[in-house]
Amino acid sequence: APVPLIVGCLDDLFVRHRHRAIPVGIALGLLAVIEFFISVEILSLLSLFAVFVAVAWGVRALLDRSGAVRRSARDALSRAAPGLAMATGVAALLLAYPLWFFFAGPAHLSGRAWPDSPAGTVANAPDSFVHGYVSAPLTGIMHLFGGYQGPALPLFSYLGIGMLVVVIVGAVIWHRDPRVRFFGVLGLVAAVLSLGVGNGYWAPWRLFIHLPVLNNVVPV
């Protein structure tokens, strides 16, 4: 999947600056187009998390009294702007017709993709990060449509207690590393959003279940 490459392009545009912005922007636009044809859902989630990052960056800049974060943000944006503009242009040019076809074409999706499954209900539970396997009904569906006959698979959210201990201890030891803080916060946000709705408690994904496109995202 192009997702790691997309993150790499953004990292180069905003942080490392190892390559010229225009070629990186062209690559970013092409990768976004490829991801559109692989999974509109994943591309939508990437866009959503880009908004989260921008908001977090803006809040940090507002809270920084020294002005260093604002200066750093302005410098990063000015250096990344040509690449972002090129990426937007490439994606807009190549996706103009596919986007029209997707949203308004003769066979476009109208309403919910899974009408029998309420928006936001195919979600994780807090304990599924530690243990749990695919349920028998879902295993039956996998047998029916995919022919899978192997052993029971872990849930999509499964990390295991060992992985969680490594992540928590590592976050404590290297808490001063900005990359650990950045991806740690994004990982926590992703985990919370993946809880979806319908678990008997209020969850943030409830904010998105009435929005077009996002109401078809499977939070899990």
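Up top is the structure.
Below is a short write-up of the structure. The residue numbers shown here count from 1 along each chain, following its written sequence. It should be noted that, the model being predicted, local features are given only for residues of pLDDT at least 70 and side-chain atom pairs only at 80 or more, the latter also being counted only at that level, while totals for whole chains, interfaces and linings use all residues. The side-chain figures draw on all heavy atoms in the structure; neither hydrogens nor water molecules are used.

**Regarding the environment of V197**
Numbered from the N terminus, helices here are DSSP runs of H or I no shorter than four residues, and strands are runs of E no shorter than two. Structurally, V197 is set in the segment after α7 (178–193). Spatially, the C-alpha atom of V197 lies 37 Å from that of A76, the residues being 121 residues apart in sequence. In what follows, a contact means two residues having at least one pair of non-hydrogen atoms within 4.5 Å. Excluding residues within four positions of it along the chain, V197 makes contact with A119, G120, T121, A123, W205, R206 and I209.

**A short note on the packing of helix α2 (residues 21–38) against helix α3 (residues 40–63)**
The description of two packed helices rests on the angle between their axes and on the distance between the axes. To get an axis, fit a line to the C-alpha atoms, keeping to the stretch in contact for a helix; angles then go from 0 to 180 degrees between the N-to-C directions. With their axes 6 Å apart at the nearest point, α2 and α3 run at an angle of 130° to one another. Considered as vectors, α2 and α3 are oriented oblique to each other. Residues A32, E35, F36 and I38 of α2 pack against V40, I42 and L43 of α3. Angular relationships are summarised with four words: roughly parallel below 35 degrees, roughly antiparallel beyond 145, roughly perpendicular across 65 to 115, and oblique for the angles in between.

**Quick word on the side chain of D12**
With respect to the helices and strands, the residue D12 is situated in helix α1 (residues 3–16). For this analysis, a polar contact is any N or O atom pair within 3.5 Å, provided that within protein one partner can donate a hydrogen and the other can accept it, and provided that sequence-adjacent residues contribute only side-chain to side-chain pairs. Engagement of the side chain of D12 in a polar contact is seen with the backbone nitrogen of R18, the distance being 3.3 Å.

**Here we look at the packing of α3 against α7**
Orientation of α3 relative to α7, taken along the N-to-C sense of each, is 130°, at an axis distance of 12 Å. Classed by the angle they form, the pair α3 and α7 counts as oblique. When the axes of α3 and α7 are compared, the crossing they make is right-handed. In this structure, α3 contributes F49, F52 and V53 to the contact, and α7 contributes F182, L186, V189, A190 and L193. A class-by-class count of the residues in the contact of α3 with α7 yields 8 nonpolar, no polar and no charged. The hand of a helix crossing depends on one turn: near helix anticlockwise from the far one by less than a right angle means left-handed, and clockwise means right-handed. Any residue outside Ala, Val, Leu, Ile, Met, Phe, Trp, Tyr, Cys, Pro, Asp, Glu, Lys and Arg is labelled polar, Gly included; the first ten of those are nonpolar and the last four are charged.

**Describing the pattern of salt bridges**
The term salt bridge refers to a side-chain nitrogen of Lys or Arg lying within 4 Å of a carboxyl oxygen of Asp or Glu. Applying the stated criterion across every chain yields a total of 3 salt bridges. Measuring nitrogen to oxygen at the nearest pair gives 2.4 Å for the salt bridge that ties D11 to R16. With relative accessibility at 23%, the residue D11 sits in the partly exposed group. Here D177 ties to R179 by a salt bridge, and the two come within 3.1 Å at their closest N and O atoms. A relative accessible area of 53% means that R179 is categorised as exposed. Exposure is judged per residue with a 1.4 Å probe applied to protein chains only, and the accessible area is read against the type maximum: over 50% gives exposed, under 20% gives buried, and values in between give partly exposed.

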